[in-house]
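Reading the structure
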Amino acid sequence: SGSFRQTIIEIANGGRQSRSALTNPEMDCRTSRGNVLNRQCYSQQSAKSPYRRGAQVNVHEQRYQRYRQRIDTKLRSLVSRTSPKEVNDACRYVLAAGGKRVRGVLLLLSCEAVGGDVRAALDASAAIEIMHNFTLVHDDVMDNAAARRGNPTVHTKWNLNTAILSGDVLIGLAYQRILNTNTK
């Protein structure tokens, strides 16, 4: 639907609609081949997102924020508080660090676009975000990065072994969420 397309374009543009998409509903920001967002679309964007300006939030931004909040809530509920405490604390730290959650939101929007139940897709959405965070933890170890998103990395805050193990726990948790997804 057009609403779905506009939401995807806004997410890709960092929350901004293109001016031409606002004035010309036929403009769908595709290349001549029809499959990729083009530079013209980006150059015609408004300067700032209405959400960032503090003006009334548009319907697409509201949907994005609602789905993002659902994903964050789901992620907070997943990591065990049992032992090994240090590894589980590191996993909670990684998942609580925030982020745009674009991958998970796109999954929920895709589910909605084909008439699926967004609640049933929430585990799959969480799995994608967990998998992404797993790769970031291991990437930080490989790059010996000191910070991510302005916070100390897991191997900096704890140690190298905890970082590797927490990444391993995260990938297991991602697979568990996929297996928990109802695909009727």
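Just above, that's the structure.
Owing to the predicted nature of the structure, the values given are computational and were not obtained by experimental measurement.

All of the buried residues along helix α6 (residues 85-95) are Val87, Asn88, Ala90, Cys91, Arg92, Val94 and Leu95. Contacts made by the buried residues of α6 are with α5 (59-76), α8 (122-143), α9 (154-157) and α10 (160-180).

In this section: unusual backbone geometry. For Arg101, which is not glycine, the phi torsion reads 60° and is therefore positive. In this structure, Arg101 sits in the loop between α6 and α7 (102-113). The class for Arg101 is buried, based on a relative accessible area of 2%. Backbone geometry places Asn144, a non-glycine residue, at a positive phi of 55°. When you line up the elements, Asn144 lands in the loop between α8 and β1 (147-148).

Our next topic: α7. In an α-helix, one turn spans 3.6 residues, which is why side chains three or four residues apart end up on the same side. Its 12 residues give α7 an end-to-end C-alpha distance of 16 Å, which sits within 8% of 16 Å, the value for a rise of 1.5 Å per residue. Among all positions in α7, only Val102, Gly104, Val105, Leu108, Leu109 and Cys111 are buried. Once α7 finishes, Gly115 follows within two positions and takes phi at roughly 85°, a positive value.

Rules behind the numbers
- Residues numbered from 1 in each chain as written.
- Predicted model: local features only at pLDDT ≥ 70, side-chain atom pairs only at ≥ 80, totals over all residues.
- Heavy atoms only, no water.
- Buried < 20%, exposed > 50% of the residue type's maximum accessible area, 1.4 Å probe, protein only.
- Helix = DSSP H or I, 4+ residues; strand = E, 2+ residues; numbered from the N terminus.
- Contact = heavy atoms within 4.5 Å.
- Expected span 1.5 Å × (residues − 1).

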